[in-house]
2 protein chains.
Amino acid sequence: MAPRAIVRHHACMIESTMQDFPLTINHLFQHGRRVHGDAEVITFHGPDQPLQRATFAEVGDRADQLAAALAKLGVQPGDRVGTFMWNNQRHMEAYLAVPSMGAVLHTLNIRLFPEQLSYVVNHAEDKVIIIDASLAPLLANVFDQLTTVEHVIVCQGPEHIDVEGLGDTVDYETLLAVEEPGFTYPEIDERSAMAMCYTSGTTGNPKGVAYSHRSSYLHAMAAMSAQTLQFNQHERTLVIVPMFHANAWGMPYAAWGVGADLIMPQQHLQGVSLAGLIEQTKPTISGAVPTVLNDLLQNAPEADLSSLRYVVCGGSAVPRALIEGYRSNFGVDVLQAWGMTETSPLAAVGWPQRGVAYEDDIDVRVKTGRVIPGVEIRICDDDGNVLPWDGEAQGEIEIRGPWITASYYNDPAPEKFHDGWLRTGDVASMEPNGFIQISDRAKDVIKSGGEWISSVDLENTLMGHPSVVEAAVVGVPDDRWDERPMACVVAAEGTSPTPEELSEYLADRVAKWWVPERWTFIDEVPKTSVGKFSKKDLRAAYANEELDVIELG
Amino acid sequence: MAPRAIVRHHACMIESTMQDFPLTINHLFQHGRRVHGDAEVITFHGPDQPLQRATFAEVGDRADQLAAALAKLGVQPGDRVGTFMWNNQRHMEAYLAVPSMGAVLHTLNIRLFPEQLSYVVNHAEDKVIIIDASLAPLLANVFDQLTTVEHVIVCQGPEHIDVEGLGDTVDYETLLAVEEPGFTYPEIDERSAMAMCYTSGTTGNPKGVAYSHRSSYLHAMAAMSAQTLQFNQHERTLVIVPMFHANAWGMPYAAWGVGADLIMPQQHLQGVSLAGLIEQTKPTISGAVPTVLNDLLQNAPEADLSSLRYVVCGGSAVPRALIEGYRSNFGVDVLQAWGMTETSPLAAVGWPQRGVAYEDDIDVRVKTGRVIPGVEIRICDDDGNVLPWDGEAQGEIEIRGPWITASYYNDPAPEKFHDGWLRTGDVASMEPNGFIQISDRAKDVIKSGGEWISSVDLENTLMGHPSVVEAAVVGVPDDRWDERPMACVVAAEGTSPTPEELSEYLADRVAKWWVPERWTFIDEVPKTSVGKFSKKDLRAAYANEELDVIELG
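This section reports on the structure supplied with the text.

1. Thoughts on the relation of the copies chain B and chain A
Right, so step 1: If you rotate chain B by 180 degrees and push it 0.0 Å along the axis, it lands on chain A with an RMSD of 0.1 Å. What the superposition gives is, in effect, a two-fold axis relating one chain to the other.
Right, so step 2: When the interface residues of chain B are mapped onto chain A, 100% of them again fall at the interface, so both copies present the same face.

Structure follows, in structure tokens:
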């Protein structure tokens, strides 16, 4: 070895030589329109209407025109542009144009209660709202409470709808007609906000998550992964999950980036409509919450869904009966995935691991999913101690990663975070191989005599009974056990299941001490604005003695 | 609309609420070892030796031990650790440990000429080198010229090899034996260097590319994409491409991150050895340069490669005969991909686009590939003007993106860059759908009477002739046309093709005016240190009248 004349001691890292190239939605936008210009966005206007088709090249040009029109209306980088829309081509145009011009796409949940809707528009300070004409009455309800909105752009469908109560509106197509493709998009810091979505907690005001270009780009790449949703140029994506829910689980951007067709069902989300749309357009991938998939299974059990490679399902626990029903009725696999608005949302995906035979894989598919590359997950007990991944220990899921939120928009909510990890509010065990098994929402956990009972397990088991359409289980006060589960059951049409019969059914399938003593039969389970069971409302109804409760001895 | 008391004008972007979570190799390392702890790294020590198997959990523990050992030797964040190794488990351990501890993995090309080897070790200032004992003589050749190396760690295989000429070496296993798993890895800035790889230009000194954690993480995600290499937990990856070439095309990190098995062939890269290894271990994905694949096709045409879903091939143009041969002999699809050390390397992948029938897809597979999401490509003429994607215009490929280099390590080389884009030195046309068709290296382009002739096309066509094993075509001075192609042909064993016969063969397949007048038959095409045709040497041999040239009338 030669004398070490040049030896240095490096106390710090050295720089790479790589480009400092920002991760932006505009990159995916330009890539898709150019490289996959012949892929299509297809919008369904109902069974009696022709499909509306446009190529990615055409949609890209129209997004340029939209950006130019918004700029003319005064939209600057950083301004919030709300959308109050179904899943359709114009919503996709807004998905592309608004972030690429440096503005922030605020997807408004059309199912928010009026006071929540006005709150989120004002809190986000939306400057412009783009609205589907059919949804105008919902916004008109609260329009006089909106303090920042300067322009409302109305989208008309095949049949013109007169819009009232939204002030001086402008027509979407009229705006675009005077603009040319070829907008000059600005350079953008990847950490700046590109979209906002408010979660609707069951208490307090909704909280806003502001996605960055970086987080949404990375999330789109994660969704393209062969390990997760497998987006690629050969797919046709039926986007059932609303585009106002966490960027429709990232499907629009992932599909656009790889040139997978996008099929948009607008408001036609009933099972029979969807079945017809699937038969007509032959999607290969779709995604929806369990209630929508269940509606299709119940009302169109003979449909031909054979074009589908899989349907990703999440938003709440996916019942085994649904997974089995899709396989036996349709020959279609349901893929459970887990995430939330705060996680962009993809955090876990339930592909069966290697070594699991197809005939045996339902036991895996009913699990919540397996943590995907890019995010880190841990479970913690009430004191914040990290618990082992042993398939036994139950704790709150905490999560971190480049597409996980660190706070809420102008609402830091420190109680939702723990040492830089997001507290998800979901209680779960972790298997050694990274599969999550959520047993409950932290606030819905039932503690009976010091032991936990999973309301989710009881609900899913009950919903496997042929006479049960929906079942919600909540904890109610109990003199002896502090808390006991109460089952709230919606019976299938033409059936009258008894508490005794359902108790026996449960006793064969869960620990005997989990079986509820209290039973109530209701017409429907109350839902939150995002369609989840509102257990808060059920607990309140019980406390107020509004329910007709049968108590078994 | 209410009075706009709160309207503000935002002159700049707003911050997102997302976590500022760094993109690091350590994240992928920890994810793979934990979530996919039962995946395997399998090392081949030769047909008469048992396979060496270790789970990701075990390899992860050993990587911890390696990090601890390196730290004890004085390796600090930012220090360079060289590897002079075949593809094997210990090389994978270094891939994981060195970047995760904040040091920089410098993969030394074992085929560099001695003066290049000493140059790159000194230029990178490697502090430690980990070396396979079988490669010790190559490093010993230049060891007295190395100015910064403080420690050499020797890896012994099943049969001990005495190592000489490397000073006081330490044994890899001896170092690890005294360490425990559970190293505490530091927090790392995603933009810091995690690995270095030197390119060997045909002129001047090698130039170093320093990959960042961010770039390698993003590249691994890109390789997991269903649109590109499709890494997922069900694959078994035979890594033929050396781990000292651009991180083995990113396959080790992508495979590790999703839990795909890694099969490492060490020095056993001859076609017959590889065929046996494939039959034994049943990989589903592999990657290699054309010469290696061709060697396998020629020497083991009856092998059973049916476990392979595809073989990715790049590094130089992939001849049609090779793609056709793999399909007809083995039923295996060859996937052409394009990139270079400077591009991490994945930039284009040649999956046939939608609508191309399997029977017709060879015409697509012979193309260079289609630009992938994440990178941007353009072609420019000699004056730097951007040319259209019309399938006709030919220009130098320029490329940019988050895993493309912006400079060289301590060697900025401004002539290699143009307005922030890397000039690749490859001349190509672009099809409207983003498919690249490389016609030549810029320096190898033949300009005949003002028109371009593609040496690559001529070579690939010639190599389709049954009597031609290798063919290189270079431009040589010509009185009338300024420059004309000269064909340098290696005849297949037992054959004696004539220039007239090969000219006729070419004339049926390329433009008549492309057909070379000058022919020479050589024993082998001279190669660069990375195994590519060294056309500089051929041109020099011609200029020095060292070749026996036949000139057709």
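2. Focus on the packing of aromatic side chains
Describing an aromatic ring pair means giving the distance of the ring centres and the angle of the ring planes.
Right, so step 1: All chains considered together, the criterion is met by 18 aromatic pairs over all chains.
Right, so step 2: Centroid distance B:Y408 to B:F417: 5.9 Å. Interplanar angle 55 degrees. Geometry classified as tilted. Here B:Y408 matches B:F417 in class, with each residue buried.
Right, so step 3: Put simply, the rings of A:F29, A:F56, A:F183, A:Y185 and A:W256 pair up and form one aromatic cluster.
Right, so step 4: For the cation-ring pair, B:K207 lies above B:Y408, with the distance from its terminal atom to the ring centre recorded as 5.8 Å.
Right, so step 5: Looking at B:R509, its charged tip hangs above the ring of B:Y505, at a distance of 3.6 Å from the centre.

3. Overview of the side chain of B:T228
Residue and element names in this part refer to chain B.
Right, so step 1: Inspection of the secondary structure assignment puts T228 in the loop between α7 (213-224) and β10 (236-239).
Right, so step 2: Engagement of the side chain of T228 in a polar contact is seen with the backbone oxygen of A222, the distance being 2.5 Å.
Right, so step 3: When near neighbours in sequence (up to four residues on either side) are disregarded, T228 contacts A222, A223, L335, L346, V349, W351 and I372.

4. Examining the environment of B:E342
Right, so step 1: With respect to the helices, strands and loops of the structure, B:E342 is situated in the loop between β14 (333-338) and β15 (348-349).
Right, so step 2: Remark: the alpha-carbon pair of B:E342 and B:T424, spanning 82 residues in sequence, is separated by 8.5 Å.
Right, so step 3: Excluding its chain neighbours within four sequence positions, the residues that come into contact with B:E342 are A:M18, B:T199, B:V209, B:W403, B:I404, B:T405, B:Y408 and B:L422.

5. Remarks on the packing of helix α7 (residues 213-224) of chain A against α7(B)
Right, so step 1: Between α7(A) and α7(B), the least distance of the axes is 7 Å, while the angle of their chain directions is 40 degrees. Judged by the sense of rotation from one axis to the other, the crossing of α7(A) with α7(B) is left-handed. Between α7(A), through A:R214, A:L218, A:M221, A:A222 and A:M224, and α7(B), the contact on the second element is made entirely by B:R214, B:L218, B:M221, B:A222 and B:M224.
Right, so step 2: Grouping the constituent residues of the contact of α7(A) with α7(B) by class yields eight nonpolar, no polar and two charged.

6. Topic: the interface of chain B and chain A
Right, so step 1: At the junction of the two partners, chain B supplies 106 residues and chain A supplies 106 residues.
Right, so step 2: Summing both sides of the interface, chain B and chain A together bury roughly 8,300 Å²; the carbon and sulfur share of this comes to 53%.
Right, so step 3: In this structure, the connection of chain B to chain A is made through six salt bridges.
Right, so step 4: A salt bridge links B:D20 to A:R191, with the shortest nitrogen-to-oxygen separation between them at 2.3 Å.
Right, so step 5: Run the count over chain B and chain A and you get 49 residue pairs in polar contact (both at pLDDT 80 or more).
Right, so step 6: Looking at the side of chain B that touches chain A, the elements with two or more residues in it are α1 (25-35), β9 (207-212), α7, α9 (251-258), β16 (369-371) and β18 (395-400) of chain B.
Right, so step 7: Here the element with the most residues in the side of chain B that touches chain A is α7(B); it accounts for seven residues.
Right, so step 8: A class-by-class count of the residues in the side of chain B that touches chain A yields 51 nonpolar, 34 polar and 21 charged.

Cut-off values and rules
- Residues numbered from 1 in each chain as written.
- Chains lettered and ligands numbered in written order.
- Predicted model: local features only at pLDDT ≥ 70, side-chain atom pairs only at ≥ 80, totals over all residues.
- Heavy atoms only, no water.
- Least-squares fit on C-alpha atoms with pLDDT ≥ 70 in both.
- Contact = heavy atoms within 4.5 Å.
- Phe/Tyr/Trp six-rings, centres within 6.5 Å; stacked < 30°, edge-to-face > 60°.
- Buried < 20%, exposed > 50% of the residue type's maximum accessible area, 1.4 Å probe, protein only.
- Lys NZ or Arg CZ within 6 Å of the ring centre and 35° of its normal.
- Helix = DSSP H or I, 4+ residues; strand = E, 2+ residues; numbered from the N terminus.
- Polar contact = N/O pair within 3.5 Å; in protein donor to acceptor, adjacent residues only side chain to side chain.
- Axes fitted to C-alpha atoms, helices over the stretch in contact; angles between N-to-C directions.
- Left-handed = near helix turned anticlockwise from the far one by under 90°.
- Nonpolar A, V, L, I, M, F, W, Y, C, P; charged D, E, K, R; others polar.
- Buried area = accessible area lost by both parts, 1.4 Å probe.
- Salt bridge = Lys/Arg side-chain N within 4 Å of Asp/Glu carboxyl O.

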